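Chains, contacts and geometry: an overview
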Amino acid sequence: MTTTRAARDDLCRRGIKPGGLSLAEAAAFVGLSPNTFLREVKAGTMPAPLPLASSRKVWSRAALARATGADDNPAGVDLSDEIDKAIEDYAV
């Protein structure tokens, strides 16, 4: 069984950007400190985390890109098959 960090690192090596970002990753993605990012979330200028059953907070990369005006996928590439394969590889 692999760790979440190892699985995320493997996705990145394959060129697949994770769709969900941790607080530190989301803050870095938009160029803010985690505390400032959380203030912006509270103010409504940054998107709220995804509604997950777990207590972990995860932000949508796509929602953050829309909020900042960044085009995270300019070519409109569909990587869903590659993502599914990577998940299957680690679902053992």
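Above this text is the structure in question.
This part is about the overall build of the protein. Regarding its fold elements, the protein presents five helices and two strands. Along the protein, helices and strands appear, N-terminal first, in the series α-β-α-α-β-α-α. Counting over 92 residues, the protein shows a buried share of 26%. For the protein, contacts bridging at least 24 residues in sequence account for 46% of all contacts bridging at least 6. Accessible area for the protein stands at about 6,200 Å²; split by element, carbon and sulfur atoms hold 56% of it.

A few words on the packing of helix H2 (residues 23–30) against helix H3 (residues 34–43). Put simply, H2 and H3 touch, their axes get as near as 9 Å, and they point 85° apart. Between H2 and H3, the interaxial angle falls into the category roughly perpendicular. Residues Leu23, Ala26, Ala27 and Val30 of H2 form the contact with H3, whose own contacting residues are Pro34, Phe37 and Leu38.

Note on placement: leucine 50 falls in the loop between H3 and strand E2 (59–60). Classification of leucine 50 as partly exposed rests on a relative accessible area of 36%. Sequence separation between leucine 50 and glycine 20 is 30 residues, and the spatial gap between their C-alpha atoms is 8.3 Å. The contact partners of leucine 50, leaving out residues within four places of it in the chain, are Val58, Trp59 and Ser60.

Here we come to the packing of aromatic side chains. Geometrically, a pair of aromatic rings is defined through the distance of the ring centres and the angle of the planes. Evaluated as defined, the whole model comprises one aromatic pair. Taken together, a centroid distance of 5.3 Å and an interplanar angle of 75° make the contact between phenylalanine 37 and tryptophan 59 edge-to-face. Highlighted residues: phenylalanine 37 in helix H3 and tryptophan 59 in strand E2, separated in sequence by 22 residues. What makes tryptophan 59 buried here is its relative accessible area of 2%.

Reading the values: the criteria
Every chain's residues receive numbers from 1 upward, in the order its sequence appears when written. For this predicted model, a pLDDT threshold of at least 70 governs which residues receive local features, and a threshold of 80 or more governs which side-chain atom pairs are given and counted, while totals over whole chains, interfaces and linings are taken from all residues. Only hydrogens and water are set aside when side-chain values are computed; all heavy atoms of the structure are taken into account. We count a stretch as a helix when DSSP gives it H or I for four or more residues in a row; a strand needs E for two or more, and each element gets its number in order from the N terminus. Only protein chains enter the area calculation, which uses a 1.4 Å probe; residues under 20% of their type maximum are buried, those over 50% are exposed, and those in between are partly exposed. Note on contacts: a residue pair qualifies if any of its non-hydrogen atoms lie within 4.5 Å across the two residues. For the area figures, the Shrake-Rupley method with a 1.4 Å probe applies, and any residue is considered shielded solely by the protein chains shown. In this analysis, axes come from line fits to C-alpha atoms, helices being fitted only over the stretch in contact, and the angle between any two N-to-C directions falls in the range 0 to 180 degrees. Here is the rule for angles: anything less than 35 degrees is roughly parallel, anything more than 145 is roughly antiparallel, 65 through 115 is roughly perpendicular, and the remaining ranges are oblique. Here the aromatic set is Phe, Tyr and Trp, taking the six-membered ring for Trp, and pairing holds for ring centres within 6.5 Å; pairs whose planes are under 30 degrees apart are stacked, those over 60 apart are edge-to-face, and all others are tilted.

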